[in-house]
Amino acid sequence: MPSAEPALFAAQALACARGGRLVFEELSFALAPGEALLLRGPNGCGKSSLLRMLAGLLRPAGGRLLWEGEAVAADLPAHHVRLHYVGHGNAIATTLTAEENLAFSTELLGGTGEHLAAALAAFDLESLASSPGRFLSAGQRRRLALARLVAAPRKLWLLDEPGVGLDRASRARLEAAIGAHRAAGGICVLATHGDVAVPDPLVIDFHG
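Residues numbered from 1 in each chain as written. Predicted model: local features only at pLDDT ≥ 70, side-chain atom pairs only at ≥ 80, totals over all residues. Heavy atoms only, no water.

1. Thoughts on the packing of aromatic side chains
Here comes step 1: Per the stated rule, a full pass over the model turns up 3 aromatic pairs.
Here comes step 2: When the centroid spacing of 5.6 Å and the interplanar angle of 50 degrees are considered together, the rings of F9 and W67 count as tilted. Linking F9 in strand β1 (residues 9-18) with W67 in strand β4 (residues 62-67), this pair joins segments that are 58 residues apart in sequence.
Here comes step 3: By relative accessible area, F9 is classed as buried at 0%.
Here comes step 4: Judged by relative accessible area, W67 falls into the buried class, the value being 9%.
Here comes step 5: A ring pair is formed by F24 and F206, whose centres lie 5.9 Å apart and whose planes are at 65 degrees; its orientation type is edge-to-face. Of this pair, F24 sits in strand β2 (residues 21-31) while F206 is found in the segment after β9 (202-205), placing the two residues 182 residues apart along the sequence. (Phe/Tyr/Trp six-rings, centres within 6.5 Å; stacked < 30°, edge-to-face > 60°. Helix = DSSP H or I, 4+ residues; strand = E, 2+ residues; numbered from the N terminus. Buried < 20%, exposed > 50% of the residue type's maximum accessible area, 1.4 Å probe, protein only.)

Pasting the structure below:
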């Protein structure tokens with residue numbers, strides 16, 4: 001259900017061109033605190049490109065992004081420190097333990113470390129805290145990558161197929177983390193093929 005609050009993050013008539021081909025155009029949305037936007041569609045339809053655009057990593061071919069009514073392009077560094085972008089890669093250092101990986105990335109993200117224990121618990125990683133990254137399975141590495149969302153709180157989460165590699169219990173933990181983030185006034189935009197449940201989202205369907 002749409003929020004009655006004013007929009008915090010908005011897109012106006014976004015367009016994306018890739019390899020000389022127009023991928024999408026006239027794409028608009030407005031998200032208030034606590035809202036989620038779900039991106040649906042087949043691989044190659046533009047979901048990942050849109051998420052990279054929302055993260056300020058890809059320049060729009062047209063249109064603009066707004067945060068609290070101000071153009072995101074006017075201050076990209078400020079935009080980068082208000083968001084988490086989780087793509088397909090996990091960026092886990094194989095020689096560091098799970099806890100060291102999380103602490104290092106949290107410091108890079110400007111976090112204080114006070115949420116490290118909660119982040120490990122949120123994704124059931126306490127028993128793996130002292131395990132080197134090279135010994136973690138693909139699913140455990142994905143959980144560790146997602147734990148950064150909790151370890152260094154930020155207002156905007158941009159998640160590209162975050163449920164890939166997760167079992168049912170781990171997807172439930174991700175859903176709980178998204179729910180807690182939204183309850184605290186955060187915004188989440190995620191691309192998914194339906195493996196992660198998000199209550200009452202706004203939806204952009206790239207099927208047309």
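2. Examining the environment of L102
Here comes step 1: Mapped onto the secondary structure, L102 falls in helix α3 (residues 98-108).
Here comes step 2: In sequence terms L102 and P42 are 60 residues apart; their C-alpha atoms lie 32 Å from each other.
Here comes step 3: Beyond its immediate chain neighbours, meaning those up to four positions away, L102 contacts L116, A119, L120, L144, A147, R148 and A151. (Contact = heavy atoms within 4.5 Å.)

3. Focus on the sheet that holds β9
Here comes step 1: Strand order in the open sheet formed by 5 strands is β6-β7-β8-β3-β9, and the pairing between neighbours is parallel. Two strands bound the open sheet, and with one partner strand each, they are β6 (83-86) and β9. Taken pair by pair, the neighbouring strands of this sheet meet at an average axis angle of 10 degrees, ignoring direction.
Here comes step 2: Here β6 pairs with strand β7 (residues 156-160) via 4 bridges, running parallel. Bridge pairing in β7 places H84 opposite W157.
Here comes step 3: Helix α6 (residues 168-183) rests against β3 (36-40), β7 and β8 (187-191) of the sheet, and its axis sits at about 155 degrees to β7. (Pairing = 2+ DSSP bridges. Axes fitted to C-alpha atoms, helices over the stretch in contact; angles between N-to-C directions.)

4. Looking at the packing of α3 against helix α5 (residues 138-151)
Here comes step 1: As a packed pair, α3 and α5 sit with axes 10 Å apart at the nearest point and diverge in direction by 45 degrees. When the axes of α3 and α5 are compared, the pair comes out oblique. Between α3 and α5 the crossing geometry is right-handed. Contact residues: α3 offers A98, N101, L102, S105 and T106, while α5 offers L144, A147, R148 and A151. (Parallel < 35°, antiparallel > 145°, perpendicular 65-115°, else oblique. Left-handed = near helix turned anticlockwise from the far one by under 90°.)

5. As for the environment of A191
Here comes step 1: Summarising the element assignment, A191 is placed in strand β8.
Here comes step 2: Since its relative accessible area comes to 0%, A191 is described here as buried.
Here comes step 3: Considering only alpha carbons, one finds A191 and R21, 170 residues apart in sequence, at a separation of 21 Å.
Here comes step 4: Other than its neighbours up to four places away in sequence, A191 contacts L39, K47, L51, L159, D160, E161 and P162.

6. A word on unusual backbone geometry
Here comes step 1: Of note, the phi angle at A91 is positive, near 50 degrees, even though the residue is not glycine.
Here comes step 2: With respect to the secondary-structure elements, A91 resides in the loop between β6 and α3.
Here comes step 3: Residue class for A91 comes out exposed when judged on its relative accessible area of 64%.
Here comes step 4: Of note, the phi angle at D124 is positive, near 55 degrees, even though the residue is not glycine.
Here comes step 5: By secondary structure assignment, the location of D124 is in the loop between α4 (116-122) and α5.

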